Amino acid sequence: MPKPRTYQTEAIIIKKTKLGEAGRILTLYTPHLGKIQAVAKGVRRPRSKMAGHLELLTHSQIALARGRNIDTITGTQTINGFLPLKSDLELSACALYATELVNQFAADDVEDYPVFQLLLVTLQRLSQRENSDLVLRYFELQLLNAVGYRPQLEQCVACRKPLKETTNAFCPGAGGMLCSSCRPTQPFAYPLSWEAQKALRLLQGGDYESVSRMTLTPELSHQLEVVIRNYIRYLLERDLKSAAWLDALKAQSGQANLSPTAPT
Amino acid sequence: MNSEIPPAAGAVDRLIQELNRLPGVGPKSAQRLAYHLLRASDEQTKMLADAILSVKQKTKLCSTCFNITDTDPCPICRNQQRDLTKVCVVEQPQDILALEHTKSYNGLYHVLHGAISPTEGIGTNDIRINELMERLKGSSVTEVILATNPTLEGEQTAMYLNKLITPLGIRVTRLARGLPFGTELEYADDVTLTRAIEGRQEF
Ligand SMILES: [Zn+2]
Ligand SMILES: [Zn+2]
């Protein structure tokens, strides 16, 4: 049975590349078609009726026409423009990091509704100015669950014994925690405090209510960020470009908070 | 296969191919242009060829504003009639042409040659931000107008520059973001409309 020539879908715009003089190729994350690419003609012209609805970090309803190689966007309407995200440098950096992560882990044209929901709710939480560290760590662990890289945090990945309530080691290559007796067998493993292990389990558990009540000290927050980032880097075999920008902004705001205002 | 084509036709073919690579020139237009050039006088074609060659050989970036220019500093930076207290920051040299065309701005410019794009790996050191900051320090500039594009990348660049420049005691303004002229309200997106409402002015 031939597919209809046109179709509609909700989508979050996760990547855009210029095409020719005024067009773009957009990467869309959709609830039921997964990650798809589409051409948007003329959107870089000021009079484009579609441009604002097709900006990064926008949740839109999109109409498409099937093409031989790639589908073309024929109409669009914003569902949520996430204005608070777009008006704040740090928040937009956080949101771009989340979309880059989805783009990296998602295969083309594979439906994954939980991932769509997760990305959407993450953008909502960020734009409501919830604790962005918690929102991102929760997003990372839930995404890893969804795409099949759930790290083993409850028992030792080598001997399968439950972990003692003490510092154990996280081993990206083994996909989880190692107990103190098994740790020497694996060269690449990072020590992780019991406090950090408990936090990771809570983040992995999926109860955002409890997660949102967590208090993260800067040290703990940094520990979690590093261990998850290393695991993701191991899985993707590359650094995320947007992570570097996030770090640069953090370093800068850290500096600004420490030093008194420059005399004028 | 190419060797079987007679040399004359080969030259035309090559010209069509090269023209076809230009933005906005499809295969049909490329053909039309090529045959037009074939019929044109020697002098005409030589002038065109010279113009194309010199655009690469003779132009450079202005060491002050990074606009494309034949002379350094560029004509705008050298012009005594311009307002030295204002610098308008744009993403690319073409943006200067568009703003100059309006004849409603008389200050100076600064071309960033891009915008911050975290997911493309374009950071602050990849565009001319450090050069702008160096230029502003100890200068007579009292206002910086951020005229980066109203895209996510342009907005991020503007927010970042605002954070850097405000502590210098220089006034930072942003081009008004609202409805483009000639558009209809019903097609505007929420972000544009919200900003248009926030930025409304007395009639
Ligand atoms: Zn063990
Ligand atoms: Zn200049």
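Remember, it's a predicted structure, so these values are computed and weren't measured experimentally. (Residues numbered from 1 in each chain as written. Chains lettered and ligands numbered in written order. Predicted model: local features only at pLDDT ≥ 70, side-chain atom pairs only at ≥ 80, totals over all residues.)

Caption draft 1: Main features of the overall build of chain A. Across its full length, chain A holds eight helices and eight strands. Structurally, chain A occupies a C-alpha span of about 65 × 60 × 35 Å along its principal axes. Taking all 264 residues of chain A together, the buried fraction comes to 38%. Restricting the contact set of chain A to residue pairs at least 6 apart, pairs at least 24 apart contribute 54%. (Helix = DSSP H or I, 4+ residues; strand = E, 2+ residues; numbered from the N terminus. Buried ≥ 20, exposed ≤ 12 C-beta atoms within 10 Å, placed from the backbone. Contact = placed C-beta atoms within 7 Å.)

Caption draft 2: Structural context of the domain arrangement of chain A. Residue and element names in this part refer to chain A. Assigned domains within chain A: domain 1 (1–129) and domain 2 (150–242). Taken over C-alpha atoms, the centre of domain 1 sits 32 Å from the centre of domain 2. Each partner contributes to the interface: domain 1 provides six residues, whereas domain 2 provides four residues. In terms of residue class, the side of domain 1 that touches domain 2 is built from four nonpolar, one polar and one charged. (Domains from an automatic or database assignment. Nonpolar A, V, L, I, M, F, W, Y, C, P; charged D, E, K, R; others polar.)

Caption draft 3: Examining the packing of helix α4 (residues 132–146) of chain A against helix α7 (residues 218–236) of chain A more closely. Residues and elements named next belong to chain A. In the contact formed by α4 and α7, the axes pass within 11 Å of each other and the chain directions differ by 30°. By the criterion of interaxial angle, the relationship of α4 to α7 is roughly parallel. Note that α4 runs across α7; the crossing there is left-handed. On α7, the residues touching D133, R137 and E140 of α4 are S221, L224, I228 and I232. Its residues assigned to classes, the contact of α4 with α7 comprises three nonpolar, one polar and three charged. (Axes fitted to C-alpha atoms, helices over the stretch in contact; angles between N-to-C directions. Parallel < 35°, antiparallel > 145°, perpendicular 65-115°, else oblique. Left-handed = near helix turned anticlockwise from the far one by under 90°.)

Caption draft 4: Fine view of the domain arrangement of chain B. Split by domain assignment, chain B resolves into domain 1 (2–57) and domain 2 (81–197). The gap between the C-alpha centroids of domain 1 of chain B and domain 2 of chain B is 37 Å.

Caption draft 5: Main features of the interface of chain A and chain B. With 28 residues of chain A in contact, the opposing surface of chain B contributes 25 residues. Of all the secondary-structure elements, those providing two or more residues to the side of chain A that touches chain B are α1 (83–86), α2 (89–105) and α8 (241–258) of chain A. When the residues that make up the side of chain A that touches chain B are grouped by side-chain class, the tally is 11 nonpolar, nine polar and eight charged.

Caption draft 6: Fine view of the environment of D109 of chain A. All names here are of chain A. Tracing the sequence through the fold places D109 in the loop between α2 and α3 (113–127). We classify D109 as exposed; it has 11 C-beta atoms within 10 Å. It is 11 Å that separates the C-alpha atoms of D109 and T27, two residues lying 82 residues apart in sequence. Every residue in contact with D109, bar those within four places of it in the chain, is listed here: L33, G34 and I36.

Caption draft 7: A look at the sheet that holds strand β7 (residues 176–178) of chain A. Residues and elements named next belong to chain A. In space, the three strands of this open sheet follow the order β7-β6-β8, with antiparallel pairing throughout. Strand pairing shows two members of the sheet lacking a second neighbour, β7 and β8 (190–192), which therefore form its edges. For this sheet, the mean inter-axis angle between neighbouring strands, taken without regard to orientation, is 45°. In this structure, strand β6 (residues 168–171) lies alongside β8, joined through three bridges in antiparallel fashion. Bridging from a neighbouring strand, A169 pairs with P191 of β8. (Pairing = 2+ DSSP bridges.)

Caption draft 8: Region of the structure containing the confidence of the model for chain B. Residue and element names in this part refer to chain B. Of all residues in chain B, 96% have pLDDT values of 70 or greater, and the mean over the chain is 89. Mean pLDDT values for the elements of chain B range from 82 in helix α1 (residues 7–20) up to 97 in strand β4 (residues 107–111). Of the regions scoring below 50 in pLDDT, residues 1–7 engages in three contacts with residues more than four places distant in sequence or in other chains. (pLDDT = per-residue confidence, 0-100.)

Caption draft 9: Here's a closer look at unusual backbone geometry. A cis geometry characterises the amide bond from D72 of chain B onward to P73 of chain B, with omega recorded as -5°. On the secondary structure map, P73 of chain B appears in the loop between β2 (68–69) and α4 (75–78). With a phi angle near 65°, L57 of chain A is a residue other than glycine that sits in the positive phi range. Taking the C-beta count within 10 Å as the criterion, L57 of chain A has 24 such neighbours and is therefore assigned buried. Positive phi values are uncommon outside glycine, yet F82 of chain A reaches one of about 50°. Inspection of the secondary structure assignment puts F82 of chain A in the loop between β5 (71–80) and α1.

Caption draft 10: Local environment of the nonpolar core. Ranked by size, the top nonpolar core spans 94 residues in total, and within it I13, Y29, C94, A95, Y97 and A98 of chain A together with V89 of chain B carry the most contacts. Considering each element in turn, this core owes the most residues, 10 residues, to α2 of chain A. Beyond its immediate stretch of four places on either side in the chain, V89 of chain B contacts H110, L112, L132, V144, I145, L146, A147, T148 and L161 of chain B. (Core = buried A, V, L, I, M, F, W, Y, C linked by C-beta atoms within 7 Å.)

Caption draft 11: Seen up close, the environment of T124 of chain B. Residue and element names in this part refer to chain B. Turning to its location among the elements, T124 is positioned in the loop between β4 and α6 (129–136). On the neighbour-count criterion, T124 (17 C-beta atoms within 10 Å) is partly exposed. In the structure, T124 is positioned 45 residues away from N79 in sequence and 29 Å away in space, judged by C-alpha atoms. If we ignore the near neighbours within four places in the chain, the residues touching T124 are I116, I129 and Y160.

Caption draft 12: Seen up close, the pairing of strand β4 (residues 59–65) of chain A. Residue and element names in this part refer to chain A. Judged from the seven bridges that link them, strand β1 (residues 6–19) and β4 form a sheet pairing that is antiparallel. Each bridged residue has a counterpart across the sheet, and for Y7 the counterpart in β4 is L64. Sheet analysis places β4 next to β5, joined by seven bridges and oriented antiparallel. Opposite L64, over in β5, you have I73 as the bridge partner. What sits between β4 and β5 in their antiparallel hairpin is a turn of five residues.

Caption draft 13: Highlighting the environment of L33 of chain A. Residues and elements named next belong to chain A. For L33, the location among the structural elements is in the loop between β2 (23–30) and β3 (34–40). A C-alpha to C-alpha distance of 11 Å links L33 and Y7, two positions 26 residues apart in sequence. In contact with L33, not counting residues within four places along its chain, are T9, D109 and E111.

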